[in-house]
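Summary of the model geometry
The chain contents come next:
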Amino acid sequence: VSTPEDQGLDPEVVKDLYCEASLLDDIYSVLVIKNGYLVAEEYYNDGSIDDRSNRQSVTKSFTSAFVGLAVEQGLVSVDQKMVEFFPELEDDIDDNRKRDVTVEHLLQMRGGYPWEEEDYLDALFSQEYVRQIVDLPLTADPGARFEYSNLSSHWLSVIVERASGQQTRDFAQQHLFDALGIQVGDWTEDKDGYDYGFGELGVRARDMARFGQMVLDDGVVDGQPILPAAWVQASLASYSDDHDPLNRHRIGKNYENVGYGYQWWKVEAGDHRYDAALGHGGQQIVLLHDQDMVI
């Protein structure tokens, strides 16, 4: 913990941020981390320091880290075909393009699966998500274009569980969350008992900040490498600049989404370019590399 002044921030600018936040009725927390120090923190509208209400699509960026840890351990390769982890579906797949979908395609949202919230809400609400690998139609060839897909993120969670032999929650706790001092609250499961890869992970705002700081620090926590730096760099690269599909998912009024990595957004706001985990309702983990700052 430090102060804005001691970390080189103008305290008046920070004050203005928090004054503006206090006027909103749909915000629960604002944290500013500068140079690795928590320099400002406040909670609003029944939010609290111990609140572990669910994080929506911010969860996807956590899922990316889980996959990275599985890759580091040799349990998964980004070049592996998705169907290798779902042998029970082999005889039911009638679109051979699905056999070409790789783990990396899922990470990049380039697997060819549709954005469920447009035409396939029944699939999203079914909670029978493994089966949707077969039932959901592809809207593009694998790798051809970006299309936001919640279930692609969920299948990554299933792959981590099947590859590791541990429930995703337990794998994440052992290999990531313990190092970050995070204890997960509720985390929704599908009908088959798999933790959601696309949302509803129960962590505190401070936990989001700790996770963001680790990514900002190339996977290092307290001097110890936890997530491989190469995975962080791959996660924060941009594989898609399809502005129309990306901009359908923009959050807020002051910026445009301009790219997508491994479950991380590439964003610009004015003169700033930054990486962000984004979730429904305005949830954000913002990484400002040039300022050594997490918001």
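What you see is a predicted model, and the numbers here were worked out from it, not measured in a lab.

1. What about empty space enclosed by the protein?
Tallied over the entire structure, the rule returns two cavities of 30 Å³ or more. The calculated volume of the largest cavity comes to roughly 50 Å³. Lining of the largest cavity is provided by S61, S64, A65, F211, V215, L227, W231, V232, S235 and W264. Secondary structure elements with two or more residues in the lining of the largest cavity: α2 (58–72), α9 (205–216) and α10 (229–235). Residues that form the lining of the largest cavity fall into these classes: seven nonpolar, three polar and no charged. Roughly 30 Å³ of volume is contained in the second largest cavity. Lining the second largest cavity are S57, K60, S61, Y148, Y260, Q263, W265, A277 and L278. Broken down by secondary-structure element, the contributors of at least two residues to the lining of the second largest cavity are α2 and β9 (272–279). Looking at the lining of the second largest cavity, its residues break down into five nonpolar, three polar and one charged.

2. As for a negative patch on the surface
Taken together, the side chains of E5, D6, D10, D16 and E20 make up a negatively charged region of the molecular surface. If you trace the backbone, E5 turns up in the segment before α1 (11–22).

3. Focus: the pairing of strand β10 (residues 283–288)
Among the six residues that make up β10, five are buried, leaving the element largely enclosed by the rest of the structure. Pairing of β9 with β10 involves five bridges; the strand directions are antiparallel. Paired with A276 across the strands is V286, a residue of β10. Between β9 and β10, which follow one another and run antiparallel, lie three residues, and G281 among them has a positive phi close to 90°. Bridge count between β10 and strand β11 (residues 293–294): two bridges; the pairing is antiparallel. Its bridge partner lying in β11, L287 is registered against V294.

Parameters and conventions
- Residue numbers restart at each chain and count upward from 1, following the sequence in its written direction.
- Thresholds applied to this predicted model are a pLDDT of at least 70 for local features of residues and 80 or more for the giving and counting of side-chain atom pairs; totals over whole chains, interfaces and linings are not thresholded and use all residues.
- Hydrogen atoms and water are omitted, and side-chain values are computed over all heavy atoms in the structure.
- Using a grid of 1 Å spacing that covers the protein atoms alone, one calls a set of points a cavity when a 1.4 Å probe fits there but cannot get out, and a pocket when the set is open and has protein on both sides within 12 Å along at least five of seven lines; lining residues are those with an atom within 4 Å of a point.
- Grid points are joined across faces, edges and corners, and a volume is the space filled by probe spheres set on the points.
- By definition, any uninterrupted DSSP run of H or I lasting at least four residues is a helix, any uninterrupted run of E lasting at least two residues is a strand, and each is numbered from the N terminus.
- Each residue gets one label: Ala, Val, Leu, Ile, Met, Phe, Trp, Tyr, Cys and Pro are nonpolar, Asp, Glu, Lys and Arg are charged, and the others, such as Gly, are polar.
- Surface patches are defined over residues having more than 30% relative accessible area and no salt bridge, joining like charges when they lie within 9 Å and nonpolar side chains (Val, Leu, Ile, Met, Phe, Trp, Tyr) when within 5 Å.
- Here, Shrake-Rupley sampling with a 1.4 Å probe gives the accessible areas, and only protein chains in the shown set may cover a residue.
- Put simply, a salt bridge is a Lys or Arg side-chain nitrogen that is within 4 Å of an Asp or Glu carboxyl oxygen.
- Two residue types count as positive, namely Lys and Arg, and two as negative, namely Asp and Glu; His and chain ends fall outside the count.
- Here the site of a charge means atom NZ of a Lys, CZ of an Arg, CG of an Asp or CD of a Glu.
- We call a residue buried when its accessible area falls under 20% of the maximum for its residue type, exposed when it is over 50%, and partly exposed in between, using a 1.4 Å probe and counting protein chains only.
- In this description, strands pair whenever DSSP reports at least two bridges between them.

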